[in-house]
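The lines below spell out each chain.
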Amino acid sequence: MFKLISGKEISLSVKERVAEEVKDLKKNGIEPCLAVILVGDDPASKVYVNNKKKACEFCGIRSLEYLLPADASQEELNSLVEKLNSDESVNGILCQLPLPAHLDEKEVLNLIKPEKDVDAFHPENVGHIMIGDFNFLPCTPAGIMEMLKYENICLDGKNCVIIGRSNIVGKPMAMLMLKENATVTVCHSHTKNLKEVVARADVVVAAVGKAKFVTADMIKDGAVIIDVGINRCEDGKLYGDVDFEACKEKASYITPVPGGVGPMTIATLMQNTVTAAKIQKG
Ligand code: NAD
């Protein structure tokens with residue numbers, strides 16, 4: 001019998017905790033503020049930005065939205081980031097990815113001041129995560145760790161297999177699981193015998209970007225299955241990277257899509273914004 005890990009429920013408890021922290025900060029004259037930059041009109045990005053705005057409202061965080069046209073130049077984008085970097089009332093800066101192809105993502109991410117980098121994508125913050133000494137954690141992997149903690153799933157000595165090696169999910173996920181003393185394997189598009197590797201996993205994190213990629217024959221009985229994928233398919237519905245209906249019969253714990261990792265990512269962003277405000281205001 002599997003247990004559903006509800007990102008909706010757990011993220012609500014995180015956001016309630018953050019809202020309490022925000023109340024306390026406001027009593028001391030500090031109002032945390034998150035600035036979100038969106039370039040172009042990608043429908044999925046618009047939905048994500050809107051959800052972040054709603055979460056800010058819930059937590060009492062001031063949110064600023066900067067919409068740039070799809071043909072915005074690198075200079076325009078950079079100068080907006082620099083303006084927000086020097087604005088003391090802004091604590092967190094987030095540039096919604098992906099950017100239109102003509103813009104250099106790396107250049108923008110490197111420009112955001114590390115203490116305002118609430119996504120934890122700046123090389124300085126990434127370095128801190130590598131050595132396990134950090135202020136911010138990247139939102140999706142940190143949200144997953146929060147879910148595992150909430151469900152009392154201990155990673156010590158466990159075989160954790162992460163499918164996907166992106167800078168946003170796979171790689172930082174590996175660092176956080178290592179910090180909890182797991183034995184971590186990171187798989188990617190060149191991995192040989194993926195099925196055999198995944199079959200040994202006590203915990204599987206799927207971050208591939210392919211609907212229903214992880215099938216029931218790949219996982220072992222009792223595995224914990226964390227589905228990061230968000231794939232909009234031809235029927236207009238959202239699917240994860242895991243074949244949920246088939247895998248749930250073998251899993252001990254499993255996250256749904258939607259309502260799993262997605263809400264946790266946003267809740268962690270709220271937490272990071274409050275952390276940023278606290279650091280900046282001493
Ligand atoms: P990405 O495209 O940067 O990386 C995908 C990874 O999958 C790559 O490392 C690649 O090597 C690996 N891969 C591709 N084909 C493979 C194969 N056949 N076998 C093994 N590995 C393979 O993607 P990403 O940014 O890490 O995102 C992954 C998914 O997670 C996407 O669906 C994305 O939308 C979703 N996502 C969700 C959240 C959330 O909050 N829920 C956050 C970030 C990303």
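Details of the structure are given in the entry above.
Residues numbered from 1 in each chain as written. Predicted model: local features only at pLDDT ≥ 70, side-chain atom pairs only at ≥ 80, totals over all residues. Heavy atoms only, no water.

## What to know about the overall build of the chain
When helices and strands are tallied, the chain shows ten helices and eleven strands. A globule of 282 residues ought to have a C-alpha radius of gyration of about 19 Å, and the chain, at 19 Å, matches this closely. When each of the 282 residues of the chain is scored for burial, the buried share is 50%. Long-range contacts, defined as pairs at least 24 residues apart, comprise 72% of the intrachain contacts of the chain with a sequence gap of at least 6. In the structure as shown, the chain presents an accessible area of about 13400 Å², 52% of it carried by carbon and sulfur atoms. For the chain, the centre of its 33 positive side-chain charges and the centre of its 39 negative side-chain charges are spaced 3 Å apart. (Helix = DSSP H or I, 4+ residues; strand = E, 2+ residues; numbered from the N terminus. Rg over C-alpha atoms; globule rule 2.2 N^0.38 Å. Buried < 20%, exposed > 50% of the residue type's maximum accessible area, 1.4 Å probe, protein only. Contact = heavy atoms within 4.5 Å. Areas by Shrake-Rupley, 256 points an atom, 1.4 Å probe, with all protein chains shown as cover. Lys, Arg positive; Asp, Glu negative; His and termini not counted. Charge placed at Lys NZ, Arg CZ, Asp CG, Glu CD.)

## Digging into the pattern of salt bridges
Tallied over the entire structure, the rule returns eleven salt bridges. One network of salt bridges, in which partners are shared, links E245, K248 and E249. (Salt bridge = Lys/Arg side-chain N within 4 Å of Asp/Glu carboxyl O.)

## Section: the pairing of strand β8 (residues 224-227)
Burial along β8 is two-sided: the face carrying V224 and I226 and the face carrying I225 and D227 are both buried. As defined by bridge partners, strand β7 (residues 203-206) adjoins β8 across four bridges and the pair is classed as parallel. Across the sheet, V204 pairs through a bridge with I225, a residue of β8. Bridging between β8 and strand β11 (residues 253-254) involves two bridges; their strand directions are parallel. When the sheet's bridge partners are listed, I225 is paired in β11 with I254. (Pairing = 2+ DSSP bridges.)

## Re the site of the ligand
Around the ligand sit 20 residues, and of these R165, S166, S189, K210 and T265 come closest. At a separation of 3.4 Å, a nitrogen atom of the ligand approaches a polar backbone atom of H188. At three residues, helix α10 (residues 261-280) tops the list of elements feeding residues into the shell around the ligand. (Near = heavy atom within 4 Å. Polar contact = N/O pair within 3.5 Å; in protein donor to acceptor, adjacent residues only side chain to side chain.)

## A look at the sheet that holds strand β2 (residues 33-39)
Judged by pairing direction, the sheet is parallel, and its three strands sit side by side in the order β3-β2-β4 without closing on themselves. The open sheet has two free edges, formed respectively by β3 (62-68) and β4 (92-95), since each of these has just one partner strand. Each adjacent strand pair in this sheet contributes to an overall mean axis angle of 15°, direction not counted. Bridging between β2 and β3 involves seven bridges; their strand directions are parallel. Among the inter-strand pairings, L34 is bridged to a residue of β3, identified as S63. (Axes fitted to C-alpha atoms, helices over the stretch in contact; angles between N-to-C directions.)

## Some words on the packing of aromatic side chains
Enumeration according to the criterion identifies one aromatic pair in this entry. Residues F2 and F244 carry aromatic rings whose centres are separated by 6.5 Å and whose planes lie at 85° to one another, so their mutual orientation is edge-to-face. Here the residue F2 occupies a position in the segment before β1 (3-4), and F244 occupies one in helix α9 (residues 244-247), the gap between them amounting to 242 residues. Assessed through its relative accessible area of 23%, F2 is described here as partly exposed. Just above the ring of F58 sits the side chain of K15; from NZ or CZ to the centre is 5.2 Å. (Phe/Tyr/Trp six-rings, centres within 6.5 Å; stacked < 30°, edge-to-face > 60°. Lys NZ or Arg CZ within 6 Å of the ring centre and 35° of its normal.)

## Details of helix α7 (residues 170-179)
Those residues of α7 lying buried are G170, P172, M173, A174, L176 and M177. Check the buried side of α7 and you find it contacts α5 (123-130), α6 (139-150), β5 (159-163), β6 (183-187) and β7. Immediately beyond the C-terminal end of α7, within one or two residues, lies N181, with a positive phi of roughly 70°.

## Brief notes about a negative patch on the surface
Side chains of D71, E75, E76, D104, E105 and E107 sit close together on the surface and give a patch of like negative charge. Elements supplying a minimum of two residues to the negative patch: α3 (74-86) and α4 (105-111). Mapped onto the elements of the fold, E75 is located in helix α3. (Patch = residues over 30% accessible without salt bridge, like charges linked within 9 Å, V, L, I, M, F, W, Y side chains within 5 Å.)

## Description of the packing of α6 against α7
Interaxial distance between α6 and α7 falls to 9 Å at its minimum, and their mutual angle equals 35°. Every pair of crossing elements has a handedness; the one defined by α6 and α7 is right-handed. Along the contact surface, α6 presents P141, A142, I144, M145 and L148, while α7 presents P172, M173, L176 and M177. Its residues assigned to classes, the contact of α6 with α7 comprises nine nonpolar, no polar and no charged. (Left-handed = near helix turned anticlockwise from the far one by under 90°. Nonpolar A, V, L, I, M, F, W, Y, C, P; charged D, E, K, R; others polar.)

Taken by themselves, the reported measurements are silent on function.
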